[in-house]
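Here is what each chain is made of, one letter per residue.
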There are 2 protein chains.
Amino acid sequence: MTENRVGFRYLILGLIAERPMSGYDIMRFLENLNWLIGAPSCGSLYPALRRLLQDGLATVEVVAQGNRPPKKLYHISDEGRRLLREWTEQPSAPGTPRAFAMRLVAANSRSPAELVAELERRKSELAGPLARLGHSLGGPEGDDSGTALALRYARTVAAAEVGWLNDALTRLRGSTPQPLDSATRLQG
Amino acid sequence: MTENRVGFRYLILGLIAERPMSGYDIMRFLENLNWLIGAPSCGSLYPALRRLLQDGLATVEVVAQGNRPPKKLYHISDEGRRLLREWTEQPSAPGTPRAFAMRLVAANSRSPAELVAELERRKSELAGPLARLGHSLGGPEGDDSGTALALRYARTVAAAEVGWLNDALTRLRGSTPQPLDSATRLQG
DNA sequence: AAGCGCATGTAAAAGGTTACATGATTAC
DNA sequence: GTAATCATGTAACCTTTTACATGCGCTT
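Colleague: Talk me through the overall build of chain A; I want residue IDs and the actual numbers.
Modeller: Secondary structure summary: chain A contains eight helices and two strands in total. For chain A, the succession of helices and strands along the chain, N to C, is α-α-α-β-β-α-α-α-α-α. For chain A, with 188 residues in total, the buried portion stands at 49%. A total accessible area of about 8,900 Å² is found for chain A, and carbon and sulfur atoms account for 54% of it.

Printed below as a string of structure tokens:
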């Protein structure tokens, strides 16, 4: 339920692959995406960083700062980079917007072809549910139970995702405009 | 990181509050929302159901079915309903689309005023990030790193959510015009 | 005969949450 | 003087994941 726990490890790895970060930096970064990805608690972040060190996936550089408490900058190691690459290359599992966004951030530096594959996978994951949501709810009228609201919310999010995926795919492919079908244009 | 674990308990409670369900029914229902909420594994679902029984929040009715394995229908108890109500009444915490959707499903049967408060809270949670994402990315050009894609994805999702929230709020207020009380104003 | 849908469960290992703990600096 | 920011960490408790386990009926 909680969603692939290991994903968190790769998210950290992906972040420190772009630039060395401290635990605090990572928390700050993720707090900005709290509404989408969620931020880790100290109690999960710091042990996770230690595990990266123990597994040889990262190294640490202690930076003294005048008066402030010293900062520990984590750098990704070669082994870490290798593992991240390996994970990136295997196809992603179905999941929530959170998992999808996490993977985009974690697996930065991918080739356009890899990104296209990732986005296509997400698109195909959404196709079924979006179609079902499309005709299980006639229009915007009627029921205001929590469940009905949730389903309309779900339809809106799915439609927005598919719309974005189409745009992004078009751009990544360099200019092969895809005809937009009605399903992708649905609005709440 | 994993997102409020307890939410799952209330999600189950909310589902069996609408109609009695078996563990298998719950899995089926959630598999349809796998792309948004995620589905629990057997290893988390069945123990969770047992805990509900142990805590007196649910009762079980065993239904024999010809040849098929017997089904266990879980019913919410009075105590379960009370606890669900209590949880529903306290303001929701910030979280991901998944957590938001889970709470909509779990806390079905709320008054329009309560729903308005819930939606306003989400809207205010999204306002800041959406504004930041709006001008940290000029337009749809440029960078195709995973992080840049993720941020544009985030902006799309946030914008869609806010659009839906505005529509839903208009409808909820239209059908039952509510004077603004302290609860709704609190969330700004 | 193989695989899927129905239907429920268990166990070990791993990890997260919550709450606590420290301590200096800056801002109101 | 009180709170917030920076910055890291620990420990008990609980939950999830992953894999295994069962067994019938139906379809290909």
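Colleague: Describe the protein's contact with DNA strand C, with residues and values.
Modeller: Neighbouring DNA strand C are 27 residues, the closest being Met 1, Thr 2, Arg 50, Gln 65 and Lys 72 of chain B. Among the atoms of DNA strand C close to the protein, meaning within 4 Å, 70% are from sugar or phosphate groups. Between a phosphate oxygen of DNA strand C and a side-chain N or O atom of Arg 28 of chain B, the distance comes to 2.8 Å. Lys 72 of chain B has a polar side-chain atom sitting 2.3 Å from a phosphate oxygen of DNA strand C. For the surface near DNA strand C, the secondary-structure elements that each account for two or more residues are helix H3 (42-54) of chain A together with helix H2 (23-32), helix H3 (42-54) and strand E2 (71-76) of chain B. The element best represented in the surface near DNA strand C is H3 of chain B, accounting for four residues. Each residue belonging to the surface near DNA strand C can be placed in one class, and the counts come to nine nonpolar, nine polar and nine charged.

Colleague: Give a detailed account of the side chain of Asn 108 of chain A, specifying residues and quantitative values.
Modeller: Residue and element names in this part refer to chain A. Note on placement: Asn 108 falls in the loop between helix H5 (97-106) and helix H6 (112-136). Within the structure, Asn 108 has its side chain in polar contact with the backbone oxygen of Gly 14 (distance 3.3 Å). Of the polar contacts made by the side chain of Asn 108, one reaches the backbone oxygen of Val 105; its length is 3.0 Å.

Colleague: How would you explain the relation of the copies chain B and chain A if you had to name every residue and give the values?
Modeller: Under the fitted operation, chain B is carried onto chain A by 0.0 Å of movement along the axis and a turn of 180°, and the coordinates agree to an RMSD of 0.1 Å. Given the turn and translation reported, the copies of this chain are related as if by a two-fold rotation axis. Measuring from the rotation axis to each C-alpha of chain B, the shortest distance belongs to Thr 2 of chain B, at 2.7 Å. A shared interface surface links the copies, since 98% of the contact residues of chain B are contact residues in chain A too.

About the cut-offs
- Residues numbered from 1 in each chain as written.
- Chains lettered and ligands numbered in written order.
- Predicted model: local features only at pLDDT ≥ 70, side-chain atom pairs only at ≥ 80, totals over all residues.
- Heavy atoms only, no water.
- Helix = DSSP H or I, 4+ residues; strand = E, 2+ residues; numbered from the N terminus.
- Buried < 20%, exposed > 50% of the residue type's maximum accessible area, 1.4 Å probe, protein only.
- Areas by Shrake-Rupley, 256 points an atom, 1.4 Å probe, with all protein chains shown as cover.
- Near = heavy atom within 4 Å.
- Polar contact = N/O pair within 3.5 Å; in protein donor to acceptor, adjacent residues only side chain to side chain.
- Nonpolar A, V, L, I, M, F, W, Y, C, P; charged D, E, K, R; others polar.
- Least-squares fit on C-alpha atoms with pLDDT ≥ 70 in both.
- Contact = heavy atoms within 4.5 Å.

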